[in-house]
Amino acid sequence: MSNTSAPEGLPAGRTAAALDAVDRAMLDVLADDARISVRSLAERLAISRANAYSRLDRLLRDGVITGFGARIDPQLAGLGTSAYVLVTVEQTAWRALKDTLGAIPYVEHIALVGGDVDVLLLVRTPDNATLRDVVLGRIQAVDGVRATRTWLVFDEFPGAGSPLS
């Protein structure tokens, strides 16, 4: 079921914050350019600067916006080898594993998933030798990991992203 079908101002999901059209437009603008000044943001949204500051503060306080950062091209940043590592774990171990897996260098993203595997990791390394060391030496050595499968990424393309407004 799509989150876009929720009535205006009501949370789309159980944990979604109540966002109105201006909040969603603000998120859309910030997702495109997080370096925009609050003045320019207010002008683009046709609201006062005070309103823009207030809304931005609320979105940060409520955890809707979790931070600001740069989008980095992994290839140009020296992390030219990427892989999805599918991890099967002991069923009682997943809670303890998230912190351990998250502390492994080169693990960019961790997702608990349903299906044939339990955890999906996005790993970005400088080369295949480092990828081998991360998967075979670090991930498979974690207590509770039963098996891994590695899918090498040949190329990546951006998607449209999620519609916020």
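Further up the page is the structure itself.
Residues numbered from 1 in each chain as written. Predicted model: local features only at pLDDT ≥ 70, side-chain atom pairs only at ≥ 80, totals over all residues. Heavy atoms only, no water.

(A) Quick look at the overall build of the protein. The helix and strand inventory of the protein stands at five helices and four strands. The N-to-C order of helical and strand elements in the protein reads α-α-α-β-α-β-β-α-β. Over its C-alpha atoms the protein spans a radius of gyration of 20 Å, topping by over 25% the 15 Å that the globule rule assigns to 165 residues. The principal-axis extent of the C-alpha atoms belonging to the protein is close to 55 × 35 × 25 Å. Within the protein, the proportion of its 165 residues that are buried is 30%. At a minimum sequence separation of 6, the contacts of the protein that also span at least 24 residues come to 62%. A total accessible area of about 11100 Å² is found for the protein, and carbon and sulfur atoms account for 51% of it. (Helix = DSSP H or I, 4+ residues; strand = E, 2+ residues; numbered from the N terminus. Rg over C-alpha atoms; globule rule 2.2 N^0.38 Å. Buried < 20%, exposed > 50% of the residue type's maximum accessible area, 1.4 Å probe, protein only. Contact = heavy atoms within 4.5 Å. Areas by Shrake-Rupley, 256 points an atom, 1.4 Å probe, with all protein chains shown as cover.)

(B) Representation of the environment of Pro74 in the model. With respect to the helices and strands, Pro74 occurs in the loop between helix H3 (49–61) and strand E1 (81–89). Note: C-alpha distance between Pro74 and Pro105 (31 residues apart in sequence) is 14 Å.

(C) Expanded view of the environment of Gln91. With respect to the helices and strands, the residue Gln91 is situated in the loop between E1 and helix H4 (94–102). Classification of Gln91 by relative accessible area gives exposed; the value is 56%. Between the C-alpha atom of Gln91 and that of Gly144, which follows or precedes it by 53 residues, the distance is 8.4 Å.

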